[in-house]
Amino acid sequence: MHPSPPSPAAATPWQDDLQAARAGDCLALERVLTRSRQDLRRYAEHHCVVNDVEDAVQESLFTASRKLADLRQLESFTSWLFRIVKRECNRLKRGWRSLRQEELTEDIAGPCAHAPAGLAQDLAAALESLPPHYREIILLRDVQGLTIGELADTLSLTREATKARLHRARALAREYLQD
């Protein structure tokens, strides 16, 4: 059903394209994304609202093209790509439900659920009070839902430094909210 890299015993054009795309070869990246598009679309049709399928696929391919160089194990490319499209489908569902003021179900609630308006203003003020590097890590983790590994890769930090920065950022935000 989906393009999975064959066994590591024999290099294939698929693996070669993945390696080249990760190394920055634009033509190889185009071949990888083109080859993955139909499978992503089929997967998105099961996870997205019908009108959002193409948007989710496009955004997922764009994200994959930007972050492929950060993927450590090419063997996990397909599952990584499917996770990206599923996350995008859920983001679009949250947006539509929020716009229609409908309740968010647990399956698409995402990393942060809706809070009362007063709390939202307080949180915005707390985030605004943080230095930019602390604000960035909180937004990436708690709003965009990146994992510690993804944060570390995005911010070019070790996992330990990422955890420490996130802890310090949350502590400063908590301090602000308690005052």
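Here, every reference points to the structure presented above.
Residues numbered from 1 in each chain as written. Predicted model: local features only at pLDDT ≥ 70, side-chain atom pairs only at ≥ 80, totals over all residues. Heavy atoms only, no water.

**Some words on the overall build of the protein chain**
- A count of helices and strands for the protein chain gives eight helices and zero strands.
- Reading the secondary structure of the protein chain in the N-to-C direction produces α-α-α-α-α-α-α-α.
- Out of the 179 residues belonging to the protein chain, those deemed buried represent 35%.
- When contacts within the protein chain are restricted to residue pairs at least 6 apart in sequence, those whose partners lie at least 24 apart make up 54%.
- Of the roughly 11,100 Å² of accessible surface on the protein chain, 52% is carried by carbon and sulfur atoms. (Helix = DSSP H or I, 4+ residues; strand = E, 2+ residues; numbered from the N terminus. Buried < 20%, exposed > 50% of the residue type's maximum accessible area, 1.4 Å probe, protein only. Contact = heavy atoms within 4.5 Å. Areas by Shrake-Rupley, 256 points an atom, 1.4 Å probe, with all protein chains shown as cover.)

**A short note on the state of the cysteines**
- Scanning the model with the defined rule gives one disulfide in all.
- Two residues share a disulfide in this structure: C48 and C89, whose sulfurs sit 1.8 Å from each other. Disulfide C48-C89: torsion about the S-S bond near -90°, hence left-handed. With a gap of 41 residues between them, C48 in the loop between α2 (26-47) and α3 (53-67) and C89 in helix α4 (residues 77-99) connect regions that are remote in the sequence.
- Classification of C48 as buried rests on a relative accessible area of 9%. (Disulfide = S-S within 2.5 Å.)

**Examining the packing of helix α6 (residues 132-143) against helix α8 (residues 159-178)**
- Their axes nearest at 9 Å, the elements α6 and α8 cross at an angle of 100°. In terms of axis orientation, α6 runs roughly perpendicular to α8. In this structure, α6 uses H133, Y134, I137, I138, R141 and D142 to contact α8, whose residues at the interface are T162, R165, L166, R168, A169, R170, L172 and A173.
- In the contact of α6 with α8, the residues fall into seven nonpolar, two polar and five charged. (Axes fitted to C-alpha atoms, helices over the stretch in contact; angles between N-to-C directions. Parallel < 35°, antiparallel > 145°, perpendicular 65-115°, else oblique. Nonpolar A, V, L, I, M, F, W, Y, C, P; charged D, E, K, R; others polar.)

**Brief notes about the packing of aromatic side chains**
- Under the definition given, this model contains three aromatic pairs.
- Relative to F77, the ring of W14 lies with its centre 5.8 Å away and its plane at 65°, an arrangement referred to as edge-to-face. Placement of the pair is W14 in helix α1 (residues 13-22) and F77 in helix α4, with a sequence separation of 63 residues. Neither residue differs from the other here; W14 and F77 are each classed as buried.
- Here the aromatic rings of F77 and W80 are separated by 6.0 Å at their centres, their planes lie at 50°, and the arrangement is tilted. Of this pair, F77 and W80 are both found in helix α4, three residues apart, which corresponds to roughly one turn of the helix. (Phe/Tyr/Trp six-rings, centres within 6.5 Å; stacked < 30°, edge-to-face > 60°.)

**Quick look at a nonpolar patch on the surface**
- On the surface, L119, L123, Y176 and L177 cluster together into a nonpolar patch covering about 320 Å² of accessible area.
- Of all the elements in the fold, those that place two or more residues in the nonpolar patch are α5 (117-129) and α8. (Patch = residues over 30% accessible without salt bridge, like charges linked within 9 Å, V, L, I, M, F, W, Y side chains within 5 Å. Salt bridge = Lys/Arg side-chain N within 4 Å of Asp/Glu carboxyl O.)

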